[in-house]
Protein chains: 2
Amino acid sequence: MTTTSQETSVAEVMADVGTRARAAARQIANASTEQKQDALRASAKQLDSNRAAILAANAKDMEAGKSSGLSKAMLDRLKLDDKRIDGIRDSLLAIAELADPVGQIISEWDRPNGLKIERVRCPLGVIGVIFESRPNVTADAGALCLMAGNAVILRGGSDSFHSSGAIHGCMVDGLKDAGLSADIVQLVPTTDRAAVGELLAGLGGNVDVIVPRGGKGLVGRVQNEARVPVFAHLEGICHVYVDGAAELKMATEIVLNAKMRRTGICGAAETLLIDRAVVDSHLKPIADALTAEGCELRGDEQVCKVVGEAKHATEEDWSAEYLDSILSVKIVDGVDEAIAHVQKYSSSHTEAIVTNDAEVAERFLNEIDSAILLHNASTQFADGGEFGMGAEIGIATGKMHARGPIGVEQLTSFKYRVRGSGQTRPK
Amino acid sequence: MTTTSQETSVAEVMADVGTRARAAARQIANASTEQKQDALRASAKQLDSNRAAILAANAKDMEAGKSSGLSKAMLDRLKLDDKRIDGIRDSLLAIAELADPVGQIISEWDRPNGLKIERVRCPLGVIGVIFESRPNVTADAGALCLMAGNAVILRGGSDSFHSSGAIHGCMVDGLKDAGLSADIVQLVPTTDRAAVGELLAGLGGNVDVIVPRGGKGLVGRVQNEARVPVFAHLEGICHVYVDGAAELKMATEIVLNAKMRRTGICGAAETLLIDRAVVDSHLKPIADALTAEGCELRGDEQVCKVVGEAKHATEEDWSAEYLDSILSVKIVDGVDEAIAHVQKYSSSHTEAIVTNDAEVAERFLNEIDSAILLHNASTQFADGGEFGMGAEIGIATGKMHARGPIGVEQLTSFKYRVRGSGQTRPK
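Residues numbered from 1 in each chain as written. Chains lettered and ligands numbered in written order. Predicted model: local features only at pLDDT ≥ 70, side-chain atom pairs only at ≥ 80, totals over all residues.

## Concerning helix α14 (residues 358-367) of chain A
- All buried positions along α14(A) are accounted for by A:V360, A:A361, A:F364 and A:L365. In an axial view of α14(A), the angular spread of the buried residues amounts to 130 degrees, which keeps them on one side of the axis. Exposed residues pointing more than 90 degrees away from the buried face of α14(A) are listed as A:A358 and A:E359.
- Those residues of α14(A) that are buried are in contact with β7 (238-242), α13 (334-345), β12 (350-354) and β13 (372-377) of chain A together with β16 (412-423) of chain B. (Buried ≥ 20, exposed ≤ 12 C-beta atoms within 10 Å, placed from the backbone. Helix = DSSP H or I, 4+ residues; strand = E, 2+ residues; numbered from the N terminus. Arc of directions from axis to C-beta. Contact = placed C-beta atoms within 7 Å.)

Written as structure tokens, this is what we have:
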């Protein structure tokens, strides 16, 4: 392979970023809670007093975005104003209040030979965060990784390059104010896409985990190319199953909320399963409530017979993540068929059952292996804040390490501390 | 790429193994503790009553091993006799007595809106185990994965093909006796090396984690080629640091045990660090005790001045895993230099400090990010049995999910169960 001097240069820049991150990780891993809080509060202060510079940087990005033809939705995500800067500042202050996971003892026990074993939380090391246009991720992700004792390498979208840079500058100043290394929170200093490739390759062992924040395209690329572990979900194909023992009022409210509260988030329901036992009583009222709010329904043959407005669902609909006001609807023969359908089509994110039958609910909660299973509650509770974790960097559907909301605790690893009094192991 | 019909056939065989494992994983994930215990006890019974067949199969492997020129050590690992079959049987019975991790609630909390959240252990899914010549791994690894509710795909070394097959046959009969699917514990039915490649590629999403059991060559290949997570350690470059506040007698006993109890295990010490403050009093007696047991010492310049028998250590010695009666020895300036040396050269497996200074011990235990840190105890305690986990499938040095001894609990994942009473998420 021939490498151009440009590529060599990106590789060199990124190798240096990695080396500095690893060194900084050692410092932040051993920083006290107070030092980490100081850094976050100082960063919040810097944000407050550098509003003009941040807004000016954002104006540059907005102008470039307009002339390069970014969509209205993209421009809205990119835009900063005083209220949004308040939000970023408040988020930094809130993360500083989270319980410090580092040093928490997860479990401890004594051995008959007198050894005292502790399983204790410690930082993961260096976390790479790759995100798209929202500049607030710079502060949110950086702060959450820092609070968990990690160094972080942030790679923002090129659209938000100047905005992210201005916010990152405030964090660097906050770190310095707290007497910590600026390398604890680094922003990749180039928009060259080759930098993402370097990050995904792990920077020679200097990246411990990658967290992608963005759409399916980004997450898919990261999952395919990363040579280090990835905390992410590719998509959220979430199901609500209305069981034969479901109250109509509760079922209607939950389905409506799960689908329509926000249609663009990963915890939004994409498929409704209804028990054949309550088709006559429940299907039409629930469908009417959805269509009244502008939801398009795509049903199986029987659904279409009952609901005049429903379109015919194709096989693709059962594995579609619409992220829009569309819901696929299928009639199933009780909880067995509901579980089988979910296991076949789900993306292992979040599923809900509505039922007053506790036994049926237990089967649904136990037999499906998605990250989050809810009984009589909306799938839109799939969120770190709603779980009481305070803040999250995303939601993971993998089975390893982090699963469901990824909060500050999930950004740590653990190690064993063993205390003895001279024990040696018998032959 | 051109594929020969042979390769296509291995790919097909392995794809089928994967599909059957995934289906079987669903069954075992929901099996009761009693059913899993029944399967393990029935397997133990089958082993007992099929000794003749197992010994005959092993004789075939031994004969082939002798004519292919296997080393004496390899032949010893391969060999089965009545006592070793007793050991395999007893190990199955012991694993059946372990606390079932599946369904254990790790933590639970209530939210102000009434939602009850539980974090509960669930199986990982399908585990691939790749091992070398010891045929007992067939039963040990198979049983441990099964007890954690997983399906397992075992790939043994070609040297132990017949022995593993005979042991596997007993487990299959045990599963059937308990009314469970034979596909829960599968043995790859071919010695073709292409099968390992297929397994490492993940069998189309049907393998959740790979556990290699064997030497550095095997583990290195698995870590480099696997497209799924790997639980493993590449090597155990374990350190003992004798601090200035260490008692001589305790230090001598711990160093001797850490190095010489068994030199070939991953928890054996490979480097001794001695605080300059106690070189005069501690170095010679410790060195004498080691050389009296036949240990070769490789020291830095100052060590060689004090210890006449010591050879000069080269830079390579500080990162060597001898797995033999050899120890590298270095004088350091207190705990700071000891920590720096360990962070630079350690393989993040296990390190021990000997000291009566509690503050110094805390620094060593907290600042080093290896999986296991011991104070006043031998590194050879790095073992699932010694940790009270009952049995282990190996030791992991990665930072994700499983770390240190990998017991039945580490072979599970978790999910969230959330119970509500009709909660919907506010706009």
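## What to know about the relation of the copies chain A and chain B
- Expressed as a screw transformation, the operator carrying chain A onto chain B has a rotation angle of 180 degrees and an axial translation of 0.0 Å, and the superposed copies differ by an RMSD of 0.0 Å. Both copies of the chain, as the preceding transformation shows, are related through a two-fold rotation axis. Scanning chain A for the C-alpha nearest the rotation axis identifies A:H401, at a separation of 2.1 Å.
- Take the interface residues of chain A: 100% of them recur as interface residues in chain B, which is what a same-surface contact looks like. (Least-squares fit on C-alpha atoms with pLDDT ≥ 70 in both.)

## Topic: the interface of chain A and chain B
- The partner chain B presents 52 residues to the 52 residues of chain A that form the contact.
- At 11 residues, the largest contribution of residues to the side of chain A that touches chain B is made by strand β16 (residues 412-423) of chain A.
- Pairing of β16(A) with strand β13 (residues 372-377) of chain B involves 5 bridges; the strand directions are parallel. Bridge assignment links A:Q423 to a residue of β13(B), and that residue is B:A377. (Pairing = 2+ DSSP bridges.)

## Considering the nonpolar core
- Within the largest apolar cluster, 132 residues are counted, with the highest numbers of intra-cluster contacts made by B:L144, B:L146, B:V152, B:L199, B:I210, B:V240 and B:F364.
- Broken down by element, this core gets its largest block of residues, 8 residues, from helix α6 (residues 136-147) of chain B.
- If we skip the residues at most four places from it in the chain, B:L144 touches B:I95, B:A391, B:I393, B:V408 and B:L411.
- Of all hydrophobic cores here, the second largest spans 131 residues; its members include A:A31, A:L203, A:V303 and A:F387. (Core = buried A, V, L, I, M, F, W, Y, C linked by C-beta atoms within 7 Å.)

## Comments concerning the packing of helix α6 (residues 136-147) of chain A against helix α7 (residues 161-177) of chain A
Residues and elements named next belong to chain A.
- At a closest axis distance of 8 Å, the pairing of α6 and α7 adopts a crossing angle of 35 degrees. The hand of the α6/α7 crossing is right-handed. Facing α6, whose interface residues are T138, A139 and G142, α7 presents S164, I167, H168 and M171.
- In terms of residue class, the contact of α6 with α7 is built from 3 nonpolar, 4 polar and no charged. (Axes fitted to C-alpha atoms, helices over the stretch in contact; angles between N-to-C directions. Left-handed = near helix turned anticlockwise from the far one by under 90°. Nonpolar A, V, L, I, M, F, W, Y, C, P; charged D, E, K, R; others polar.)

## What about unusual backbone geometry?
Residues and elements named next belong to chain A.
- Look at L203: it is not a glycine, yet its phi comes out positive at around 50 degrees.
- Relative to the helices and strands, L203 is located in the loop between α8 (194-201) and β6 (209-213).
- For S348, which is not glycine, the phi torsion reads 65 degrees and is therefore positive.
- Of note, S348 is situated in the loop between α13 and β12.

## Some remarks on the sheet that holds strand β2 (residues 116-123) of chain A
- In space, the 10 strands of this open sheet follow the order β1(A)-β2(A)-β16(A)-β13(B)-β12(B)-β7(B)-β8(B)-β11(B)-β9(B)-β10(B), with mixed pairing throughout. The outermost strands of the open sheet, each flanked by one partner alone, are β1 (105-110) of chain A together with β10 (311-312) of chain B.

## Notes on the environment of A:G125
- Along the chain, A:G125 falls in the loop between β2 and β3 (126-131).
- C-alpha of A:G125 to C-alpha of A:A29: the two residues are 96 residues apart in sequence and 7.6 Å apart in space.
- Those residues in contact with A:G125 that sit more than four places away from it in its chain are A:A25, A:N150, A:D208 and B:K399.

## What about the sheet that holds β13(A)?
- Strand order in the open sheet formed by 10 strands is β10(A)-β9(A)-β11(A)-β8(A)-β7(A)-β12(A)-β13(A)-β16(B)-β2(B)-β1(B), with mixed pairing between adjacent strands. Only two strands of the sheet have a single partner each, and these edge strands are β10 (311-312) of chain A together with β1 (105-110) of chain B.
- Across 5 bridges, β7(A) lies against strand β8 (residues 269-275) of chain A in parallel orientation. Pairing of A:C238 across the sheet is with A:A269, part of β8(A).

## Let's talk about α6(B)
Residue and element names in this part refer to chain B.
- Helix length check: α6, at 12 residues, gives a terminal C-alpha distance of 17 Å against a target of 16 Å (1.5 Å per residue), a fit within 8%.
- Here α6 lies mainly inside the structure; 11 of its 12 residues are buried.
- Within the span of α6, buried status applies to V137, T138, A139, D140, A141, G142, A143, L144, C145, L146 and M147.
- Residue G149 follows α6 closely and has a positive phi angle near 85 degrees. (Expected span 1.5 Å × (residues − 1).)

## Some thoughts on the pairing of strand β4 (residues 151-155) of chain A
Residue and element names in this part refer to chain A.
- Counting buried residues along β4, 5 of its 5 residues qualify, which places the element largely inside the surrounding structure.
- Burial of the side chains of β4 extends over both faces: A151, I153 and R155 are buried on one face and V152 and L154 on the other.
- Here β3 runs beside β4; their pairing, made up of 5 bridges, is parallel. Each residue of the ladder has a partner; that of I130, found in β4, is R155.
- On the question of chirality, the crossover connecting β3 to the parallel β4 by way of α6 is right-handed.
- As paired elements, β4 and strand β5 (residues 185-187) share 3 bridges and run parallel to each other. Of the residues in β5, the one forming a bridge with L154 is L187.
- Read from β4 through α7 to β5, the crossover connection turns out right-handed. (Right-handed = clockwise from strand over helix to strand, strands pointing away.)

## Overview of the pairing of strand β9 (residues 296-299) of chain A
Residue and element names in this part refer to chain A.
- Here β9 pairs with strand β11 (residues 326-332) via 4 bridges, running parallel. Each residue of the ladder has a partner; that of E296, found in β11, is I326.
- Here β9 runs beside β10; their pairing, made up of 2 bridges, is parallel. Paired with G299 across the two strands is H312, which belongs to β10.
- With respect to chirality, the unit in which β9 leads through helix α12 (residues 301-306) into the neighbouring parallel β10 is right-handed.

Keep in mind these values describe shape, not function.
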